[in-house]
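The chain contents come next:
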Amino acid sequence: MFKLSYIDGTDFSGHSLDRLQDRGIPISVVKEAINHGVKSDLGNGISKYHDAKNNISVIVNNEGKVITVRYGK
């Protein structure tokens, strides 16, 4: 089944898509953070990927879905 929140191989929550739009962060920058950023375990299966180059953090749940995206750590 195709989900509208599944973009370029990554699953996004509705909240994260809203934050991306509000903050003007491209999907490619999110993917770069996940693939090359510094990963931190936040507990309960939640991980944060921080990309210092683009100064963003991506929060991902234990199923790999992007929950939110923000600038900074």
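Predicted, not measured: the structure shown is a model, and the values here were computed from it.

How each quantity is defined
Residues numbered from 1 in each chain as written. Predicted model: local features only at pLDDT ≥ 70, side-chain atom pairs only at ≥ 80, totals over all residues. Heavy atoms only, no water. Salt bridge = Lys/Arg side-chain N within 4 Å of Asp/Glu carboxyl O. Helix = DSSP H or I, 4+ residues; strand = E, 2+ residues; numbered from the N terminus. Buried < 20%, exposed > 50% of the residue type's maximum accessible area, 1.4 Å probe, protein only. Pairing = 2+ DSSP bridges. Lys, Arg positive; Asp, Glu negative; His and termini not counted. Polar contact = N/O pair within 3.5 Å; in protein donor to acceptor, adjacent residues only side chain to side chain. Contact = heavy atoms within 4.5 Å.

Moving on, we get to the pattern of salt bridges. Counted by the stated rule, this structure contains two salt bridges. Two residues, R19 and D22, come together in a salt bridge whose shortest N-O distance is 2.5 Å. On the criterion of helical spacing, the pair formed by R19 and D22 is a turn pair, its members being three residues apart in helix α1 (residues 14–23). Look at D22 and you get exposed, because its relative accessible area is 54%. In this structure, the salt-bridge partner of K53 is E32, at a minimum N-O distance of 2.9 Å. Of this pair, K53 sits in the loop between β4 (46–51) and β5 (56–60) while E32 sits in helix α2 (residues 27–36); the two residues are 21 residues apart in sequence, bridging distant segments of the chain. For K53, a relative accessible area of 65% puts it in the exposed group.

The subject of this paragraph is the pairing of β5. Counted residue by residue, β5 has five buried out of five residues, so it is predominantly covered. Judged by which residues are buried, β5 turns out to be covered on both faces: I56, V58 and V60 on one side and S57 and I59 on the other are all buried. Bridging between β4 and β5 involves five bridges; their strand directions are antiparallel. By the bridge assignment, D51 is partnered in β5 with I56. As paired strands, β5 and strand β6 (residues 66–71) are joined by five bridges and run antiparallel to one another. Counted as the bridge partner of I56 is Y71 from β6. The antiparallel pairing of β5 with β6 creates a hairpin that spans five residues between the two strands, and G64 there sits at a positive phi of about 90°.

Attention now moves to the side chain of D51. Structurally, D51 is set in strand β4. Buried charge without a partner: D51 forms no salt bridge, and the closest opposite charge is K53, 5.9 Å away. A polar side-chain atom of D51 sits 3.1 Å from the main-chain amide nitrogen of K53. Not counting chain neighbours up to four residues away, the residues in contact with D51 comprise E32, A33, G37 and I56.

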